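Here's the letter readout for the chains.
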Amino acid sequence: MNMLQITLKVIGAVLGFFVAAYGTYYGCMVMDKIEGKAPQDGFMAVGWIFWFVTVPLGVIGGIKLGGIIFAKIQANKSRDSDTVN
C-alpha cells in the first residue's frame, strides 16, 4: 500500500462515519416528524441503537470508496503514461 491509498481510505472512513452518524440522526428526526411524535417518544430516543449497524457500514463503505477512487487514479496514471510514450 502506498501513502495515497492509505490517505484515501482513511478519509473515506472518516467521511463514512460522519455521513452514517448524521444520516441516522436526521433520519430519526424525519421519522418522528412524519409520525408526529415528540423526540423523547419516538425514534430520537432510541436512534443510538441504529448506530451499531449504520456507522460500521458507513465506515466500511467509505473505505471501499477510497479504494475505488485510488484504483481509478492509478488506472488514469498508467493510461496517461502509455499515451505519452
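What counts, and where the lines are drawn
- Residues numbered from 1 in each chain as written.
- Predicted model: local features only at pLDDT ≥ 70, side-chain atom pairs only at ≥ 80, totals over all residues.
- Heavy atoms only, no water.
- Helix = DSSP H or I, 4+ residues; strand = E, 2+ residues; numbered from the N terminus.
- Rg over C-alpha atoms; globule rule 2.2 N^0.38 Å.
- Buried < 20%, exposed > 50% of the residue type's maximum accessible area, 1.4 Å probe, protein only.
- Contact = heavy atoms within 4.5 Å.
- Lys, Arg positive; Asp, Glu negative; His and termini not counted.
- Charge placed at Lys NZ, Arg CZ, Asp CG, Glu CD.
- Expected span 1.5 Å × (residues − 1).
- Polar contact = N/O pair within 3.5 Å; in protein donor to acceptor, adjacent residues only side chain to side chain.
- Phe/Tyr/Trp six-rings, centres within 6.5 Å; stacked < 30°, edge-to-face > 60°.

### Things to note about the overall build of the protein
Along the protein, the regular secondary structure elements total three helices and zero strands. Going residue by residue from the N terminus, the α and β elements of the protein occur as α-α-α. Rg of the C-alpha trace for the protein: 19 Å, well past the compact-globule value of 12 Å for 85 residues, more than 25% over. With respect to the principal axes defined by its C-alpha atoms, the protein has extents near 65 × 20 × 15 Å. Per-residue burial over the protein gives 21% buried out of 85 residues. Of the contacts made within the protein by residues no fewer than 6 positions apart, 63% connect residues no fewer than 24 positions apart. The positive charge centre, built from 7 side chains, and the negative charge centre, built from 5, are 9 Å apart in the protein.

### Remarks on helix 1 (residues 3-35)
When the terminal C-alpha atoms of helix 1 are compared, their 48 Å separation across 33 residues agrees well with the 48 Å that a helix rising 1.5 Å per residue should span. For helix 1, every residue scored as buried is listed here: Gln-5, Leu-8, Gly-12, Ala-13, Gly-16, Ala-20, Ala-21, Thr-24, Cys-28 and Asp-32. Where helix 1 starts, the residue carrying a side-chain oxygen 3.1 Å from the main-chain nitrogen of Leu-4 turns out to be Asn-2. Following helix 1 by one or two positions, Gly-36 has its phi on the positive side, about 70°.

### Considerations on the packing of aromatic side chains
Summed over all chains, the structure comprises seven aromatic pairs. When the centroid spacing of 4.9 Å and the interplanar angle of 75° are considered together, the rings of Tyr-25 and Tyr-26 count as edge-to-face. With a centroid separation of 6.2 Å and an interplanar angle of 35°, the aromatic rings of Phe-43 and Phe-50 are classed as tilted. Exposure remark for Phe-43: the relative accessible area of 26% places this residue in the partly exposed category.

Nothing here speaks to function; it is all geometry.
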